[in-house]
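Commentary on secondary and tertiary structure
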Amino acid sequence: MNHPLHQFIYCPKCGANTFIKRNEKAKQCTTCGFVYYFNPSSAVACFIRNAAGEILLVRRAKEPAKGTLDLPGGFVDMFESAEDAAHREVKEETGLDITECHYLFSIPNLYMYCGFEVHTVDMFFECHVKDFIGVHAEDDAAEIVILEKEELKAEEFGLMSIKKAIGIYLKNEGLSSR
């Protein structure tokens, strides 16, 4: 596996191309001494359930994994909590305002963005709405897909952390009984 900063050649502080590996998670500039510790980006993904117990999914409109199923979600913005990001991302992608948002679990991930490796910690939430009336695909979503929990199949999802999350979610029946 490559060093997480292998794509960074120049020091972000002074611009010198003397940015070398310090250890497994940091690089250091031999010109100015700056040390950069690499930490993952935060992302959220949401299992959205209505009062009937159906789950709302989206079909990805963009790469990576364009055309595959996904959970609504995305990156956490600066100065935003994970819960706030879940509310915002669900609204941006589906038009829905979630009424409840419960943290479930997290999975480390490597997300390819325009050929660039982004290390993430994907935080999964179960969110609730009364119904799916007025839902519509927007932003990164090409289509809305509504399924029963039993119809979820991990192999229909394109992103590795989402596939793993589907397996965990299906295995842990108690998660959805909150």
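Being a predicted model, the structure only gives us computed values, none of them experimental. (Residues numbered from 1 in each chain as written. Predicted model: local features only at pLDDT ≥ 70, side-chain atom pairs only at ≥ 80, totals over all residues. Heavy atoms only, no water.)

**Structural notes on the UniProt feature "domain: Nudix hydrolase" (unreviewed entry) in the protein**
The feature "domain: Nudix hydrolase" (unreviewed entry), as annotated in UniProt, sits at residues 39-172 in this numbering. The span residues 39-172 is 19% helix and 40% strand, and its two end C-alpha atoms sit 29 Å from each other. (UniProt positions renumbered as here; feature names shortened; annotations may be inferred. Helix = DSSP H or I, 4+ residues; strand = E, 2+ residues; numbered from the N terminus.)

**Some words on the layout of surface pockets**
Computed from the structure, the largest pocket encloses a volume of approximately 490 Å³. Contributions of two or more residues to the lining of the largest pocket are made by β4 (41-49), β5 (55-60), β7 (73-75), α1 (82-94), β8 (100-113), β9 (116-128) and α2 (160-171). Taken together, the residues of the lining of the largest pocket break down into 14 nonpolar, 5 polar and 9 charged. (1 Å grid on protein atoms, 1.4 Å probe; cavity = no way out; pocket = protein on both sides within 12 Å on 5 of 7 lines; lining within 4 Å. Points joined across faces, edges and corners; volume = space filled by probe spheres on them. Nonpolar A, V, L, I, M, F, W, Y, C, P; charged D, E, K, R; others polar.)

**Digging into the sheet that holds strand β2 (residues 26-29)**
Taken in spatial order, the 3 strands make up an open sheet running β1-β2-β3, and their pairing is antiparallel. Since the sheet does not close on itself, it has two edges, and those belong to β1 (19-23) and β3 (35-37), each with one partner. On average, adjacent strands in this sheet sit at an angle of 30° to one another, irrespective of strand direction. In this sheet, β2 lies alongside β1 in antiparallel orientation, the contact comprising 4 bridges. Bridge assignment links Ile20 to a residue of β2, and that residue is Gln28. (Pairing = 2+ DSSP bridges. Axes fitted to C-alpha atoms, helices over the stretch in contact; angles between N-to-C directions.)

**Looking at the nonpolar core**
By size, the foremost hydrophobic cluster in this structure holds 22 residues, and its most contacted members are Phe47, Leu57, Leu71, Phe124, Leu152 and Ile162. Elements with a minimum of two residues in this core: β4, β5, β8, β9, β10 (141-147) and α2. Leave out the neighbours within four places in its chain, and Leu57 touches Leu69, Asp70, Leu71, Pro72, Glu143, Ile144, Val145, Leu147, Leu152 and Phe157. Ranked by size, the runner-up nonpolar core spans 20 residues in total, among them Val58, Val90, Ile98 and Phe132. (Core = buried A, V, L, I, M, F, W, Y, C linked by side-chain atoms within 4.5 Å. Buried < 20%, exposed > 50% of the residue type's maximum accessible area, 1.4 Å probe, protein only. Contact = heavy atoms within 4.5 Å.)

**Notes on the state of the cysteines**
In this structure the tally under the stated criterion is 0 disulfides. With no disulfide of its own, Cys32 lies 3.8 Å from the sulfur of Cys11, the closest cysteine sulfur. (Disulfide = S-S within 2.5 Å.)

**As for the environment of Ala142**
Along the polypeptide, Ala142 turns up in strand β10. Placed 13 residues apart in sequence, Ala142 and Glu155 show a C-alpha to C-alpha distance of 19 Å. What Ala142 contacts, discounting residues up to four positions off in sequence, is Arg59, Arg60, Ala61 and Ala137.

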